[in-house]
Amino acid sequence: MAARNILFVMFDQLRWDYLSCYGHPHLETPNIDRLAGMGVRFSRAYVQAPLCGPSRMSTYTGRYVHSHGASWNATPLKVGEVTMGDHLRRAGMECWLVGKTHMAADAEGMARLGLEPDSIIGARVAECGFDVFERDDGMRAAGPDGPLREPGGHAYDDYLKSKGYEGDNPWHDHANSGVDDDGNVLSGWFMRHAGQAANIEEADSETPYLTRRGMEFIESRGAAPWLCHLSYIKPHWPYIVPAPYNDMYGPGDLLAPNRSDAEFETAHPVLKAFMTTPVGQAFSRDEVREAVIPAYMGLIKQCDDQVGLLFDWLEETGRMQDTMIVLTSDHGDFLGDHWMGEKTFFHDAAIKVPLIIYDPSAAADATRGTVCDELVEAIDLAPTFVEVAGGTVPGHVLEGRSLLPLLHGQGGWDRDRVICEYDFAATPLADRLGLSVREAVMFMVADKRWKLIHCEGGFRPILFDLENDPDELTDLGDDPAHAEVIAAMYDKLFAWTRRVSQRTTRTEDQLVELRKTLRRRGVVLGVYDENDVPLDLTVAYRGRTAPIRRPRD
């Protein structure tokens, strides 16, 4: 049976190599592995930014960060950007959200255009093109200047209160913190508490809650085809997980950090600045890694168990037969590799993501259980979904490419590079490096052999040989012997920058059609004699008569 619906599952901050189907030796993820056995597992899938907001905006628009402009968290996606939901509804498919988007609405632009947030179109523009079943970006932080409340989450707050979880911030005090024998909250923000069991029943924690909400959405659907973006909050920090997952793993399950003293001592000045941020310095300590990574693994194990329940339910209800399932992440997590924490640089730990796609159609039978090592990008998902919905992919408005040829074993994939961007103009690092807002940007271009990182501000490039140095420990950017490679990779980067990315009101097909439209409409500029062009172009001008009008005396 052909795919009629799409379940688009995204985890937040899930490293590609922290799944057993991607080779982790200690963390078993049988349910995600099961999906890989039913579909295609991509081994070279890259996001377009190493940060939640811009990465997700690229996924939801099918466009590079350079094109959509929402280049940092909470940077509004400008009101004119066409999103996945817009494209899918045009093709007759609903597009719904359950979970996180990290999208910030362009309130100023909406007001300028008179779009009311409570109107249907206004609500969709404000929610990144999705109809919202439930939005929950997950963050309920609080500081001396007041709370930072990410959008959504109100339904989860109400749910926790209805279950008897007390306090003014049950997200923090229960779902994301432990508690000692005297009832003192052991905040999940402090990584030394990572091994504590979160002060919540496992079934009430965020991941099971969103799984149930995803099922409730699917159960509520009628006859119309739908896409459900089930967007989990975890395993993103705070690194804390309820029992029994909090102590499933220990320091003996940790992989050795992928880093070297030489890497740190000789680091490019921009890379060194990232290594020496507070989070980088924290994850350079063994005690931090030994506290955090077992909890991170527990969070992933819980995620795997929950998608297992979800997949079983889809099979029991018959929906597995007509639903494409896509499972991925918005970025990874350094976890101390390369002397860094978090994600905001271009090593594979941060920007290569798991991508597994199950297509129930017979056309995908030949590729089931296979691994695809072609270069693919997060922006490829939107055109894939449009094609599944039966729509026409608007070329270059959507800058990615449909993955259906790869899923159906058709070949012909000729992408020779992937692109990732990071704009850190809003961070203290820009000041540490003495960079202006214009200069505090970086670009990465990679193919299957080389990865080049360009840093604005007059810095030399960074270069990694992915074939001979897959761990990305040796920077060859200042090696004269690699000057030709650097030039060739810059050529790929410059070719990308020369694309016409803002010409979004016309598709490629429409532009090709316009090449002949004017002449077919009678504009025959530069023609000396009617016989100089095909006669059908001048049919409206030949054989015509008109009354003779003589000048008056």
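Below: a short report on this structure. All residue numbers refer to position in the chain's written sequence, counted from 1. Whole-chain, interface and lining totals are the exception, using all residues; otherwise, since this is a predicted model, local features are given only for residues with pLDDT of at least 70 and side-chain atom pairs are given and counted only at 80 or more. Values reported for side chains reflect all heavy atoms of the structure, with hydrogen atoms and water molecules removed beforehand.

What about the overall build of the protein chain?
- The helix count covers DSSP runs of H or I at least four residues long, the strand count covers runs of E at least two residues long, and both are numbered beginning at the N terminus. Check the secondary structure of the protein chain and you find 19 helices and 18 strands.
- Scaling as 2.2 N^0.38, a compact globule of 553 residues should have a C-alpha radius of gyration of about 24 Å, and the protein chain matches this with 26 Å.
- Expressed as lengths along the three principal axes of its C-alpha atoms, the size of the protein chain is roughly 110 × 65 × 55 Å.
- Buried, partly exposed and exposed residues are distinguished by accessible area as a fraction of the type maximum, computed with a 1.4 Å probe on protein chains only: under 20%, between the cut-offs, and over 50%, respectively. Among the 553 residues that make up the protein chain, the fraction classed as buried is 58%.
- Contacts are assigned to residue pairs with any non-hydrogen atoms lying within 4.5 Å of each other. The contacts of the protein chain with a sequence gap of at least 6 include a subset with a gap of at least 24, amounting to 71%.
- About 23700 Å² of surface is accessible on the protein chain, with carbon and sulfur atoms providing 51% of the total.
- Under the convention used here, Asp and Glu are negative, Lys and Arg are positive, and both His and the chain ends fall outside the count. Where a charge lies is defined by one atom per residue type: Lys uses NZ, Arg uses CZ, Asp uses CG and Glu uses CD. Treating the 56 positive side-chain charges of the protein chain as one cloud and the 85 negative ones as another, the clouds have centres 10 Å apart. For this measure, only C-alpha atoms enter the radius of gyration; the expected value for a globule follows 2.2 Å times N^0.38, where N is the number of residues. Under the convention used here, a 1.4 Å probe and the Shrake-Rupley method define accessible areas, while residue burial counts only the protein chains that appear.

Observations regarding the sheet that holds strand β15 (residues 418-423)
- Across the sheet, which stays open at both edges, the 4 strands sit in the order β15-β16-β17-β18 with antiparallel pairing between neighbours. In this open sheet, the two edge strands, each paired with only one partner strand, are β15 and β18 (462-465). The mean inter-strand angle of the sheet, taken between neighbouring strand axes irrespective of direction, is 15°.
- Between N-to-C directions, angles cover 0 to 180 degrees, with each direction set by a line fitted to C-alpha atoms, over the stretch in contact for helices. Strands in contact with helix α18 (residues 483-497) are β15, β16 (441-446), β17 (450-455) and β18; relative to β17, the strand with the most contacts, it is inclined by about 70°. The pairing criterion for strands is at least two bridges between them, as found by DSSP.

Describing the side chain of T328
- Along the polypeptide, T328 turns up in strand β11 (residues 323-329).
- Relative accessible area serves as the criterion here: at 5%, T328 is assigned to the buried category.

Section: the sheet that holds β11
- Taken in spatial order, the 8 strands line up as β5-β4-β10-β1-β11-β12-β2-β13 in an open sheet, and their pairing is mixed. Single-partner strands in this sheet number two, and they are β5 (131-135) and β13 (370-372). When strand polarity is set aside, the average angle formed by the axes of neighbouring strands in this sheet is 15°.
- Note that strand β2 (residues 40-42) and β13 share 3 bridges and pair parallel. Residue pairing across strands places V40 opposite T370, the latter belonging to β13.

Re helix α19 (residues 508-520)
- A helix is expected to span 1.5 Å multiplied by its residue count minus one. In a regular helix each residue adds 1.5 Å, so 13 residues correspond to 18 Å; α19 covers 19 Å between its end C-alpha atoms and thus fits that length.
- The seven residues ending at a residue and the seven starting there each receive a fitted axis; the angle between those axes is the bend at that residue. At L514, α19 shows its largest bend, some 35°.
- Two residues or fewer past α19, G522 is found with a positive phi of approximately 100°.

Some words on the pattern of salt bridges
- Salt bridge, as used here, is a side-chain nitrogen of Lys or Arg placed within 4 Å of a carboxyl oxygen of Asp or Glu. Scanning all chains against the criterion turns up 36 salt bridges.
- Here K448 makes a salt bridge to D373, at a shortest N to O gap of 3.8 Å. Of the two residues, K448 sits in the loop between β16 and β17 while D373 sits in the loop between β13 and β14 (376-377), which places them 75 residues apart along the sequence.
- Overall, D373 belongs to the partly exposed group, its relative accessible area being 37%.
- One salt bridge in this structure joins R415 and D380, with 2.7 Å as the shortest N-O distance. Highlighted residues: R415 in the loop between α16 (404-407) and β15 and D380 in the loop between β14 and α15 (381-388), separated in sequence by 35 residues.

Considering helix α9 (residues 206-220)
- Along its 15 residues, α9 runs 21 Å from first to last C-alpha, staying within 8% of the 21 Å computed at 1.5 Å per residue.
- Most of α9 sits inside the fold, with 11 of its 15 residues counted as buried.
- If you check which residues of α9 are buried, you get E206, T207, P208, Y209, L210, T211, R213, G214, M215, F217 and I218.

Observations concerning the environment of H26
- Note on placement: H26 falls in the loop between β1 (5-11) and α1 (30-38).
- On the basis of relative accessible area, H26 is assigned to the partly exposed category, the value being 34%.
- When the C-alpha positions of H26 and L254 are compared, they lie 8.2 Å apart, and in sequence the two are 228 residues distant.
- Contact partners of H26, with chain neighbours within four places excluded, come to Y249, G252, D253, L255 and M297.

Quick word on a nonpolar patch on the surface
- Residues enter patches when their relative accessible area tops 30% and they take part in no salt bridge; the joining distance is 9 Å for like charges and 5 Å for the nonpolar side chains Val, Leu, Ile, Met, Phe, Trp and Tyr. There is a patch of nonpolar side chains on the surface, built from L518, V523 and L525 and spanning about 340 Å² of accessible area.
- Here V523 is to be found in the segment after α19.
- Residue V523 is classed as partly exposed on the basis of its relative accessible area, which comes to 42%.

So, the nonpolar core
- What makes a nonpolar core is a set of buried Ala, Val, Leu, Ile, Met, Phe, Trp, Tyr and Cys residues whose side-chain atoms join them at distances within 4.5 Å. Ranked by internal contacts, the top residues of the largest apolar core, which has 76 residues, are F8, F42, L227, F345 and F424.
- Ranked by size, the runner-up nonpolar core spans 63 residues in total, among them Y18, I233, A282 and I293.

Describing the packing of α9 against helix α13 (residues 286-316)
- Remark: α9 packs on α13, axes separated minimally by 9 Å, with the N-to-C direction vectors making an angle of 20°. Considering the angle they form, α9 stands roughly parallel to α13. The two elements α9 and α13 cross, and the hand of that crossing is right-handed. Only Q302, C303, Q306, L309, L310, W313 and L314 of α13 make contact with α9, whose side of the interface consists of T207, P208, T211, M215, I218 and E219.
- In this classification, the charged set is Asp, Glu, Lys and Arg, the nonpolar set is Ala, Val, Leu, Ile, Met, Phe, Trp, Tyr, Cys and Pro, and all remaining amino acids, among them Gly, are polar. When the residues that make up the contact of α9 with α13 are grouped by side-chain class, the tally is 8 nonpolar, 4 polar and 1 charged. An angle below 35 degrees is treated as roughly parallel, one above 145 as roughly antiparallel, one from 65 to 115 as roughly perpendicular, and anything else as oblique. By the definition used in this description, the sense in which the near helix is turned from the far one sets the handedness, with an anticlockwise turn below a right angle giving left-handed and a clockwise turn giving right-handed.

Topic: the environment of R432
- Relative to the elements of secondary structure, R432 occurs in helix α17 (residues 428-432).
- Look at R432 and you get partly exposed, because its relative accessible area is 48%.
- Measuring from C-alpha to C-alpha, the distance between R432 and A273 comes to 7.7 Å, with 159 residues separating the pair along the chain.
- The residues touching R432, leaving out its near neighbours within four places in the chain, are A273, T276 and T277.

Brief notes about the packing of aromatic side chains
- The aromatic pairing rule takes the rings of Phe, Tyr and Trp, using the six-membered ring of Trp, and pairs them if the centres are within 6.5 Å, calling planes under 30 degrees apart stacked, those over 60 edge-to-face and the rest tilted. What the rule picks out here adds up to 24 aromatic pairs.
- Each member of the aromatic cluster is reached from another via a ring pair, and the members are F274, F345, F346, Y422 and F424.
- Remark: a charge is flagged as sitting over a ring if the NZ atom of Lys or the CZ atom of Arg is within 6 Å of the ring centre and within 35 degrees of the ring normal. A cation over a ring is seen here: K272 above F264, with NZ or CZ 4.7 Å from the ring centre.
- Between the NZ or CZ atom of K352 and the centre of the ring of W16, over which it lies, the distance is 3.9 Å.

Structural notes on the packing of helix α7 (residues 154-162) against α9
- Two elements in contact, α7 and α9, have axes separated by 12 Å at closest approach and are oriented at 110°. The angle between α7 and α9 places the two elements in the roughly perpendicular class. Remark: the crossing between α7 and α9 carries right-handed chirality. Of the residues in α9, those touching α7 at A155, Y156 and Y159 are E206, Y209 and R212.
- By residue class, the composition of the contact of α7 with α9 is 4 nonpolar, no polar and 2 charged.

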